[in-house]
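In case you want the letters, here they are:
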Amino acid sequence: MRAVAYKIPQAISAETSLIDVDLPVPTPEGRDLLVEIKAVSVNPVDTKVRAGSKPEPDQLRVLGFDAAGIVKAVGPGVKLFQPGDAVFYAGAINRPGSNAEFHLVDERLVGKKPETLDFPAAAALPLTAITAWEMLFHRLKVNDPVPGANAILIVGGAGGVGSIAIQLARTLTNLTVIATASRPETQKWAYDLGAHHVIDHFKPIAREIEQLALGAPGFVFSTTNTKDHIGEIINLIAPQGRFGLIDDPEALDVVPFKRKSVSVHWELMFTRSLFKTKDMEEQHNLLNEVSRLVDTGKIRSTVTESLGTINAASLKTAHALIESGRTKGKLVLAGF
């Protein structure tokens, strides 16, 4: 089968940073599905792993997490799907990835593809939707109100995770949704997704929030550049508020949150699959709910650009765009 892989971590500009390869088709065991990949999308985690994670000696590593496709075969323990089902998912970080014609994934991490979306639009959703859902509802528990506060601030509202977080918060909570975005096109994008207010994160965020005259947000969800905003977040968040982040600042001093009794939450959507937690199937359940929300018109795909077929050249373009830090929504690739 055709696939895209790498051998050593390199800058994306290097000729061999990603290469086209031919690999055997894997065989499903246990609760695995063998999925024929129709489309994938690219996330910052793809670029971080490619640049910093060295495969075993003389081994290739296939990247790719977000995928949409058709189940071709199932392992003997599969209970939730059957061959022919159209699915979407984000997979696991410790297994070969979805940048291949066929891919193995545990069915507990897989949802039914939205019927109203084609495969590329569906592939744009899983990783960011799982990340946003788990942060909002499992970590921050946004439907459990913070006394005297009725707003959420989403830092990085035009990015992949921010784009779906805005929609989920607007659709599934009664909170006032405030997003940050710095360019006219990304500000419009955030408003179009449902943000009540959009502020510029290159200006002092605490002052921008104060000028809205909504009171201090009870929840802050930082999706990017937390190190640049942590001081402002400490100032603007409500007492007894909840703060969540998904990026990787070199250091994070949480001591200043003590005065306000603010809780701090980190989200990694791969935790359940990495540790095979007893609630792994929560990702199956929430993806099915995301699918339902899409099919009933409550939320929409965040795909913004298709970069062609799934091959090394197209994926190198996608990685470079992600690393530029100026994308909005999600980039997708489809077919081989």
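As a reminder, the structure under discussion sits directly above these lines.
Residues numbered from 1 in each chain as written. Predicted model: local features only at pLDDT ≥ 70, side-chain atom pairs only at ≥ 80, totals over all residues. Heavy atoms only, no water.

Chemist: Could you give an account of the overall build of the protein, naming the residues involved and the relevant values?
Modeler: Assigned secondary structure in the protein consists of ten helices and 16 strands. Taking 20 Å as the expected radius of gyration for a compact globule of 336 residues, we find that the protein reaches 20 Å, a close match to that expectation. Referenced to the eigenvectors of the C-alpha coordinate spread, the extents of the protein come out at roughly 60 × 45 × 35 Å. Across the 336 residues in the protein, those meeting the buried criterion constitute 55%. In the protein, once contacts between residues fewer than 6 apart in sequence are set aside, the share between residues at least 24 apart is 71%. (Helix = DSSP H or I, 4+ residues; strand = E, 2+ residues; numbered from the N terminus. Rg over C-alpha atoms; globule rule 2.2 N^0.38 Å. Buried < 20%, exposed > 50% of the residue type's maximum accessible area, 1.4 Å probe, protein only. Contact = heavy atoms within 4.5 Å.)

Chemist: Can you lay out the nonpolar core for me, pointing to particular residues and giving the numbers?
Modeler: One broad rule of soluble globular proteins: the nonpolar side chains tend to lie buried together. Ile152, Leu168 and Phe221 are the most contacted members of the largest nonpolar core, which totals 83 residues. Here this core gets eight residues from one element, more than from any other, and that element is helix H3 (residues 126-139). With residues up to four places along the chain from it excluded, the contact list for isoleucine 152 reads Leu136, Val142, Ala169, Leu175, Thr176, Val177, Ile178 and Phe219. Leu153, Ile178, Ile237 and Phe243 belong to the second-largest nonpolar core, a separate cluster that totals 18 residues. (Core = buried A, V, L, I, M, F, W, Y, C linked by side-chain atoms within 4.5 Å.)

Chemist: Give a detailed account of the pairing of strand S7 (residues 102-106), specifying residues and quantitative values.
Modeler: Each regular strand carries side chains that alternate between the two faces of the sheet. Counted residue by residue, S7 has five buried out of five residues, so it is predominantly covered. Neither face of S7 is exposed, since Phe102, Leu104 and Asp106 on one face and His103 and Val105 on the opposite face are all buried. Pairing geometry for strand S3 (residues 32-42) and S7, over five bridges, is antiparallel. Residue pairing for S7: leucine 33 is matched across the bridge by valine 105. (Pairing = 2+ DSSP bridges.)

Chemist: Break down the sheet that holds strand S4 (residues 61-62) for me, citing the residues and quoting the values.
Modeler: Taken in spatial order, the three strands make up an open sheet running S2-S1-S4, and their pairing is antiparallel. With one partner strand each, in any of the chains shown, strand S2 (19-22) and S4 form the two edges of the open sheet. Where strand S1 (residues 2-6) and S2 come together, four bridges link them in antiparallel fashion. The partner of alanine 3 across the bridge, within S2, is valine 21.

Chemist: So, the environment of asparagine 143: which residues are in play, and what are the values?
Modeler: In this fold, asparagine 143 is placed in the loop between H3 and strand S9 (151-155). Judged by its relative accessible area of 52%, asparagine 143 falls in the exposed class. Along the sequence, asparagine 143 and threonine 173 sit 30 residues apart, while their C-alpha atoms lie 6.4 Å from each other. When residues no more than four places from it in sequence are discounted, the contact partners of asparagine 143 are Phe137, Leu172 and Thr173.

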